[in-house]
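If you want the building blocks of each chain, they are given just below.
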Amino acid sequence: MSAAAIVTTAETPSPSAGSRWLRSEEARGLAMISPTLLYALALLLVPVLLVIAYSFWTQNYLEIDRTFTFENYRLALTEPIYRDLFVRSLWISLLTSAITVGFSYPIAWYISFHGGVHKNLWLFLVTIPCWTSYLLRVMSWKVILGYGGVLNTGLMSAGIIDQPITSLLYNANAVVITLVHSWAAFAILPIYVSLQKIDRSLIEAARDLGDTPLRAFMRVTLPLSMPGVISAFLIVMIPTVGDYVTPKLVGGKDGVMIATAIQAQFGKGANWPLGAALSVTTMVLVSLAAAVIVLSLRYGVRRLR
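If you're wondering where the values come from, they're calculated on a predicted model, not measured in any experiment.

Visitor: How would you summarise the packing of aromatic side chains if you had to cite specific residues and measurements?
Guide: Across all of its chains, the model carries 12 aromatic pairs by this definition. Seen from their ring centres, F56 and Y73 are 5.3 Å apart, and the 45° between their planes marks the pair as tilted. Taken as a pair, F56 in the loop between α3 (25-55) and β1 (58-60) and Y73 in helix α4 (residues 71-78) lie far apart in primary sequence, 17 residues in all. Judged by centre distance (5.9 Å) and plane angle (85°), the rings of Y110 and W122 are edge-to-face. One end of the pair, Y110, is in helix α5 (residues 80-114); the other, W122, is in helix α6 (residues 119-127), with 12 residues separating them in the sequence. An aromatic cluster of three or more residues is present, and its members are Y54, W57, F266 and W272. Over the ring of W57 we find R66, and its NZ or CZ is 4.9 Å from the ring centre.

Encoded structure:
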C-alpha cells in the first residue's frame, strides 16, 4: 500500500456507534412505529394523567382548587356508599367473568375439536349478536326479563307459574345475565384461538399412555388452553367493572355499580375531582384483582399438571 493510501485511510473517520445504529434495521423500525406510538400516548396516556391530576384537586363550587390533597381518596375509601359500590362492582364483574368463561369454553372447545369444515360458519354465528348495538342487546333483555316479558309470559303459558315473577329484573342477577350474553363472543374467540394452537398429537399421546378423555383434558387440553382462558377472563372482567349502561337499564337500585357514581360526580354532582378519584381507585382495584386472578389461574394449572 502506498503512503498516500495509508494517509487517506488514516484521515477517513470511522463511523461512530450512534451513526451505525441510525442506519440499522432497529432504528428504521422504531422510526416507523414512533408516530403511531406518540399518537397512542396522546390518546391514552394523556387523558389518564389528566384524570389522576384531577383526583388530587378539590372542587370549590364553580372553580377547581389545585391545591394537592388526598381528601377525594379518603372519601372514596371511607364512605360506606362508595365501599359498597366497589365491592358490588368487583363481585358482579368477577361473577360475570367466571360464568361467561364457563359457558364459552365448551362452545369454543366444540368448534375447535368438532367443528370440522364448518368452523368458520360456527365462528360467524358466534359473532352475529355483535352486529347489533350494545344498547339494543341490553334493551332486549329488559323485554325478556320484564314483568310482562317473554320469560314470564312463556312460563305462565306453560303453567309453570300462576303470576309473573317480579324478581327477574332490576337487580344484580339481571345485570349478570345481560353482561354474560353481551360479552360471550369476546370470551369464545380467544379461547378458540388458544385451543386451535394445541398440538393434537399431545392429546393422542396422553390417550395412548392410558389417560381417560377427562384426564387427558385436565392434564393436556386445559393447561395448554389456559392463556386463552386468562385472556377471556380479563377481556370480560375489566370492562364490566366500569359498565354504566347495563346497571342503569336493568339493574335498578340493587344493581347499581361504581360507574353510576362516577357518572353522577362528573354530571349532576359537578365534582370532577371526586369522580376522578373514584375512577383511579377503580382502575387500581381492577388491576390488583386481575393480577390475583392471573396468578391464581396459573397456580391452578401447575397443580393440575
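Picking up where we left off.
Visitor: Tell me about the confidence of the model for the protein chain, and please be specific about residues and values.
Guide: On average, residues of the protein chain score 88 in pLDDT, and 93% of them are at 70 or above. The model gives residues 6-10 a pLDDT under 50, and that stretch makes one contact with residues more than four places away or in other chains.

Visitor: Describe the nonpolar core, listing the residues and the values that go with them.
Guide: I191 and V250 are the most contacted members of the largest nonpolar core, which has 46 residues in total. Those elements giving two or more residues to this core turn out to be α5, α6, α7 (134-145), α9 (172-196), α10 (200-208), α11 (213-241), α12 (245-251) and α14 (272-304). Those residues in contact with V250 that lie beyond four places of it in its chain are V138, K142, L169, Y170, N171, A174, V175 and T178.

Visitor: Give a detailed account of the pattern of salt bridges, specifying residues and quantitative values.
Guide: According to the stated counting rule, one finds three salt bridges in the structure shown. In this structure, the salt-bridge partner of E71 is R74, at a minimum N-O distance of 2.6 Å. Residue E71 and its partner R74 are both found in helix α4; the two are separated by three residues, about one turn of the helix. The exposure class assigned to E71 is partly exposed, which follows from its relative accessible area of 33%. R74 gets classed as partly exposed once you look at its relative accessible area, which sits at 42%.

Visitor: Break down a nonpolar patch on the surface for me, with residues and values.
Guide: Where nonpolar side chains cluster on the molecular surface, the patch consists of W109, Y110, L121, W122, F124, L125, I128 and W131 and spans about 790 Å² of accessible area. Of all the secondary structure elements, the ones that give two or more residues to the nonpolar patch are α5 and α6. Among the elements that line the nonpolar patch, the one with the most residues is α6, at four residues. Positionally, W131 belongs in the loop between α6 and α7.

Visitor: Quick one: what's the story with the environment of N173, residue by residue and with numbers?
Guide: Within the secondary structure, N173 is located in helix α9. Separated by 78 residues in the primary sequence, N173 and G251 have C-alpha atoms spaced 8.1 Å apart.

Visitor: If you had to explain the environment of F186 to someone new, which residues and values would you point to?
Guide: By the secondary structure assignment, F186 is in helix α9. Since its relative accessible area comes to 37%, F186 is described here as partly exposed. Residues F186 and V126, spaced 60 residues apart in sequence, show a C-alpha to C-alpha distance of 9.4 Å.

Visitor: Any details on the packing of α7 against α9? Residues and values, ideally.
Guide: Relative to each other, α7 and α9 sit at 135°, their axes nearing to 10 Å. Here α7 lies oblique to α9, going by the angle between them. For the pair α7 and α9, the crossing hand works out as right-handed. The segment α7 lies against α9, with Y134, R137, V138, W141 and L145 engaging A174, I177, T178, L179, H181, S182 and W183. Residues belonging to the contact of α7 with α9 are distributed by class as follows: eight nonpolar, three polar and one charged.

Visitor: Account for α11, with residues named and values stated.
Guide: In this model, α11 (29 residues) spans only 37 Å end to end at C-alpha, well below the 42 Å of a helix rising 1.5 Å per residue. When the local axis directions of α11 are compared, the greatest deviation, roughly 50°, occurs at M226, which is followed within four positions by the proline P227.

Visitor: So what's going on with unusual backbone geometry? Residues and values would help.
Guide: Its identity as a non-glycine residue notwithstanding, Y170 has a phi of 60°, on the positive side. Along the chain, the position of Y170 falls in the loop between α8 (150-157) and α9.

Visitor: So what about the environment of L224? Which residues, and what values?
Guide: Residue position: L224 is located in helix α11. Between the alpha carbons of L224 and K268 there is a distance of 49 Å; along the sequence they are 44 residues apart.

Visitor: So what's going on with the side chain of D243? Which residues, and what values?
Guide: Its location among the elements puts D243 in the loop between α11 and α12. Buried charge D243 goes without a salt bridge, the closest partner of opposite sign being R137 at 9.6 Å. Non-local contacts of D243, meaning those with residues more than four positions away in its chain, are made with Y134, L179 and A259.

Visitor: Which residues make up the packing of α5 against helix α13 (residues 258-266), and what values do they have?
Guide: Where α5 meets α13, the closest approach of the two axes is 8 Å, and the angle between their N-to-C directions is 135°. Viewed along their axes, α5 and α13 adopt a mutual orientation that is oblique. Within the contact between the two elements, α5 uses Y82, L85, F86 and S89 and α13 uses I258, A261 and Q265. Considered class by class, the residues forming the contact of α5 with α13 number five nonpolar, two polar and no charged.

What counts as what
- Residues numbered from 1 in each chain as written.
- Predicted model: local features only at pLDDT ≥ 70, side-chain atom pairs only at ≥ 80, totals over all residues.
- Heavy atoms only, no water.
- Phe/Tyr/Trp six-rings, centres within 6.5 Å; stacked < 30°, edge-to-face > 60°.
- Helix = DSSP H or I, 4+ residues; strand = E, 2+ residues; numbered from the N terminus.
- Lys NZ or Arg CZ within 6 Å of the ring centre and 35° of its normal.
- pLDDT = per-residue confidence, 0-100.
- Contact = heavy atoms within 4.5 Å.
- Core = buried A, V, L, I, M, F, W, Y, C linked by side-chain atoms within 4.5 Å.
- Buried < 20%, exposed > 50% of the residue type's maximum accessible area, 1.4 Å probe, protein only.
- Salt bridge = Lys/Arg side-chain N within 4 Å of Asp/Glu carboxyl O.
- Patch = residues over 30% accessible without salt bridge, like charges linked within 9 Å, V, L, I, M, F, W, Y side chains within 5 Å.
- Areas by Shrake-Rupley, 256 points an atom, 1.4 Å probe, with all protein chains shown as cover.
- Axes fitted to C-alpha atoms, helices over the stretch in contact; angles between N-to-C directions.
- Parallel < 35°, antiparallel > 145°, perpendicular 65-115°, else oblique.
- Left-handed = near helix turned anticlockwise from the far one by under 90°.
- Nonpolar A, V, L, I, M, F, W, Y, C, P; charged D, E, K, R; others polar.
- Expected span 1.5 Å × (residues − 1).
- Bend = angle between axes of the 7 residues up to and from the residue.
- Lys, Arg positive; Asp, Glu negative; His and termini not counted.

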